[in-house]
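Spelled out, the chains give:
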Amino acid sequence: MSGSKTGSGSTPGTDGGVSDASRGDDERRRTLRERVTGRLRGRLLTALAVVTSVTLVAAFYYPVGTVLIEAVVVDGVPTLAVFAEILRDPFYFGELARLFAGESPIAVARDLLGPDRRLGIVGFTAYQAALSTVASVALGLPAAYLLARFEFPGRRTLRSLTIVPFVLPSIMVAVGFVATFGTNGTLNRVLGALGLPPVDLMFTLEAIVIAHAFYNAPLVARVMTAAWESVDARAVETARSLGAGPVRAFYDVVAPQVYPAVLTGAALTFVFTFGTFPIVLALGGFELATVEVFVYRLVRDLNYAEAAALAIVELVISLGVLLAYLRYEARNTVSSRGVRPLPRRSLVPAAPTLREVLPRLGLAGYAVVAGVVFVAPIASMVLASVTGGDGGLTLDHYRFLIDRQQTGAAFQVRPWPAIRNSLTFASAATLLALPMGVVVAVLTTRRFRGRTLVDAAAMAPLAVSGIIVGLGLLRGLVFGVEIAGWRFAATGAVAIVVAHAVAGYPFVVRTVAPGLEGLDRSLIESARALGASRARVIRDVELPLVWPGVVAGAAFAFAISIGEFTATVVLATGADAYTMPVAIERFIGRRLGPATAMGVVLLVVTGLSFVVIERLGGETRGL
Amino acid sequence: MRRVGSERAADSPDDPPAVELDGVTKRYGDAAAVDDVSLRVREGEFFTLVGPSGCGKTTTLRLIAGFEEPTAGTIRFSGESVAGVPPEDRDVGVVFQNYALFPHMTVGENVGYGLNFADPPEGMSRSERVAELLELVDLPDAADRDPESLSGGQQQRVAMARALAPGPDLLLLDEPMSALDAQLRERLRVQVRRIQSELGITTVYVTHDQEEALAISDRVAVMRDGRPEQVAPPRTVYREPSSRFVAEFVGDNNVFAGRVVHVEEGDAVDGERDDAPRIVGVDVGGETLRVNAAEAIDVSPGDRLTFCVRPEYLRIGEGESLVHATVESAEFLGETTRITLDWGGRDLVVRTRDPLSGEVVVGFDPADAHVIGIGEE
């Protein structure tokens, strides 16, 4: 090996000779030095991976571990008694608890099918998650059909907008739903104006399911649209040329490729809605408590052992679904390079035939439903924020916020600190989540043994109860830990930032990894052969090419942080580190008006932040 | 099966080969993609690895580039082992089949990328070096263009310029032309060879196209199942294939196998020349064909012998070993017509100027037959 590239080798245009005499000891010494620095450069990625792992352990695995351990260690003695009790308690597991208590499965099954069955909290949580999943798929499917198969003005915008509900702060959505479906909500006012009797959807399962669909149907639509668009028109044409009719070709060629995306959307929806918290807290209260709400309640009652055990049960179920999905995904990943997508049809029917008109009529009906579910809550919130008790227009609620800012007592929630905290935390959390997410994405897109395990470990924050993360950070970091005689303690604000970063970085991984996966390996190898180290290739080639994904990841991390409620509400107790969502929750408990006003403020701040992120990141090709 | 003849040129022991593979094996699980390969590429040589897909040629190239580490064996550059040296420190230039131009950089930035890690030659600025390389590949005005706006052939040349810009010691080309159409491919390979000779840069070229391999190389390694079957200059590979596989892979060929019925001691004078040409009669399908077995020293009646005759040496109505065959099919190729004959259930391929039909007599001179091997197949 001749060491440095400089001056060595042949030179176009010259004779290509190398004066060997001039290279000598000097060259050899240089070679040694280069090799040493080369080693160090080669380790940079490893170093980054170690830093990421340490952060994850310190900010997630350790704090969560300290909480979860309480479920199995009571008074210093390892025990499974807490678990056994939860599993056998009909309050948690309903009829299933009797199964765990040793009763005959047949008797249990009969009662489960009976009308008086008790689901228990876990059962109810799974039940509402399943209903929400069905509703989300039902609502997302027509949207995917519309977005993937039709061409119309604003299609791209609409496609981009499907990301919006997912990143809207959940507590704000809850406020929007109260403003829409509450006793004095928009829905009842419309019904009243039409002379119809009012309906009370508040604190019902329906409200929760619709709110969950609001959140997750666009997600389902997104993944399905992407899958549908990556169906190669040539595959359909081949099927048609082989004798399949349009319907048969759809079932044989299109459906099998879109179906995995439906499962993806469904699995994610189930996991998200299984761990739901703010929506149920605001729309269901403790009467319709899910596991997460009950964990929160147990934590408030300082019953940590039971809270931890219940959180573990929740984690096992969520992680099970997530792992099953990841396995499925790994088996069903198909490359969609060089695909010619199916041609889009016009929304205006080409001919007045049934086959042309019927789907379009269906979509028109769907548009009405989608309008009620997606637009009404936000519109109602904005409307409610400028509507007084007498129904007239007023700015009283905003005036209330300003008054509170000026004259509020120290213990009261004031708007400006909430806005300031939210922005600071979100910026800091994004800055932390971005490198973590990129490093994990780089690692998990490489081939090595145990990759799935690393993938799952890195994705675990998605499945772990935010309450437990918050509690773990509160007791592990904020109250301090002692390591080798040194005491480490973080402020509530730092803990919140860390919790938000941990919650947000999986989304960075998810937005960056597909781009990395799709990168041509020979691009990386070319850069390396030209002299770039592995770390340098990431900087020069891989990051620029997946940059839109990085920007999208940043937007996600920012939005997750700004809307994060669960861990924040635990960590912000007693501190003045409350954020906008926490402020909304404190207002909503008293009066809806100021909560909706605060919700509008949150909406505006979030929207502006997105514009800023997009500007900072440069051109992004769709989220 | 014993092999006969072939590798003749020996390396001078004084200068170590530019690239040397010594017992190199690369396994993926149980399968060996490259199986105990030993090769030497001389300084300034244009060396080609050719073979059907899955023969291990690309893996061999990737091992040399450092994208893969061998499971066993040693790779040396100019006598020094490169084990554990990452690709960026190997001073190699690589051109891939799909060119792998960085889509987010202009052509000029692509060509200049390697200059981030190596200085341009003395007295030359970075941009001068980029311009020089683009000039070299006949794309002088392309620096500001977007790589995706270029045609396949132009992209290939940019990739070439990019690989050469840092002044590598070794140029590695992995099927750089297989995505191009035939005419362009022929034009480009002349250009690639011209650039290579101009720079005198040691080059390892991978292709599945035997014609390209013969046209462009100083020496060729014909690979099969992870091993080189024959390493020799193109003419030798073509005229004196060392195995039936090489004989059939490189160009059109007629391979015959049969038992030796007699050995004519030829014109050996007083036993002075043991390796003097001698004619052997070989029984193939009941006909005795006379073959010049110059280098087949240990041949005696009863041995099984495999030999080949190129289509251009099979002549209609001429030659010594005449056989009767019928025309089965003909492909008009322009310059010649390629005719497949049926001779007692065997296919014979001949090339003629004029079309043929019906029954014909074909023959060849003993000197135009090449003995591939002796012994059981």
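Our subject is the structure listed above.
Every value quoted in this text rests on a predicted model; they were computed, and no experiment measured them.

Participant: What am I meant to see in the overall build of chain B here?
Facilitator: Within chain B, the regular secondary structure consists of eight helices and 21 strands. Seen through its principal axes, chain B has C-alpha atoms that stretch 70 × 45 × 45 Å. Evaluated residue by residue, chain B yields a buried proportion of 43% over its 377 residues. Across chain B, every contact between residues at least 6 apart in sequence was considered, and the portion connecting residues at least 24 apart equals 65%.

Participant: Would you take a moment to explain the sheet that holds strand E2 (residues 19-28) of chain B for this structure?
Facilitator: Strand pairing in a sheet is mediated by backbone hydrogen bonds. Such pairs are either parallel or antiparallel. Residue and element names in this part refer to chain B. Here we have four strands laid out as an open sheet, ordered E3-E2-E5-E6, and antiparallel in their pairing. Of all strands in the sheet, those with a lone pairing partner are strand E3 (31-41) and strand E6 (80-81), marking the two edges. Where E2 and strand E5 (residues 72-77) come together, five bridges link them in antiparallel fashion. From the neighbouring strand, Leu21 faces E5, where its bridge partner is Ile75. Lying on the sheet, helix H1 (residues 57-65) is in contact with E2, E3 and E5; it crosses E3 at an angle near 65°.

Participant: What is the right way to look at the packing of helix H15 (residues 291-300) of chain A against helix H21 (residues 466-478) of chain A in this model?
Facilitator: Each pair of packed helices can be described by the angle between their axes along with the distance between the axes. All names here are of chain A. For the pair H15 and H21, interaxial distance at closest approach is 9 Å and the crossing angle is 30°. On the basis of their axis angle, the class for H15 and H21 is roughly parallel. Facing H15, whose interface residues are Glu292, Val295, Tyr296 and Val299, H21 presents Ile467, Ile468 and Leu471. Of the residues assigned to the contact of H15 with H21, the class counts are six nonpolar, no polar and one charged.

Participant: Even after reading the chapter, I still don't get helix H5 (residues 182-199) of chain B, so can you show me in this structure?
Facilitator: One turn of an α-helix holds 3.6 residues; hence residues three or four places apart share an orientation. All names here are of chain B. For H5, spanning 18 residues, the distance from its first C-alpha to its last is 26 Å, which sits close to the expected 26 Å at 1.5 Å a residue. Turning to H5, its buried residues number three or more, namely Arg189, Val192, Ile195, Gln196 and Leu199. Down the axis of H5, the smallest arc covering the buried residues is 130°, so these residues share one side. Exposed side of H5, more than 90 degrees from the buried face: Gln183, Val190 and Arg194 are the residues found there. Of the surrounding elements, those touching the buried residues of H5 are strand E4 (46-50), helix H3 (126-136), helix H4 (152-164), strand E9 (202-207) and helix H6 (210-216).

Participant: What exactly am I supposed to notice about the sheet that holds strand E18 (residues 337-343) of chain B here?
Facilitator: Spatially, E16-E20-E17-E18-E19 (chain B) is the arrangement adopted by the five strands of the open sheet, whose pairing is antiparallel. Across the chains shown, the open sheet's two edge strands, defined by having one partner strand only, are strand E16 (315-316) and strand E19 (346-352) of chain B.

Participant: I tried to follow the environment of Tyr325(A) on my own but got confused; where do I start?
Facilitator: All names here are of chain A. With respect to the helices and strands, the residue Tyr325 is situated in helix H16 (residues 304-332). For Tyr325 and Thr264, which are 61 residues apart along the polypeptide, the C-alpha to C-alpha distance reads 6.9 Å. Residues contacting Tyr325, with those up to four places away along its chain left out, are Thr264 and Ala267.

What counts and how
- Residues numbered from 1 in each chain as written.
- Chains lettered and ligands numbered in written order.
- Predicted model: local features only at pLDDT ≥ 70, side-chain atom pairs only at ≥ 80, totals over all residues.
- Helix = DSSP H or I, 4+ residues; strand = E, 2+ residues; numbered from the N terminus.
- Buried ≥ 20, exposed ≤ 12 C-beta atoms within 10 Å, placed from the backbone.
- Contact = placed C-beta atoms within 7 Å.
- Pairing = 2+ DSSP bridges.
- Axes fitted to C-alpha atoms, helices over the stretch in contact; angles between N-to-C directions.
- Parallel < 35°, antiparallel > 145°, perpendicular 65-115°, else oblique.
- Nonpolar A, V, L, I, M, F, W, Y, C, P; charged D, E, K, R; others polar.
- Expected span 1.5 Å × (residues − 1).
- Arc of directions from axis to C-beta.

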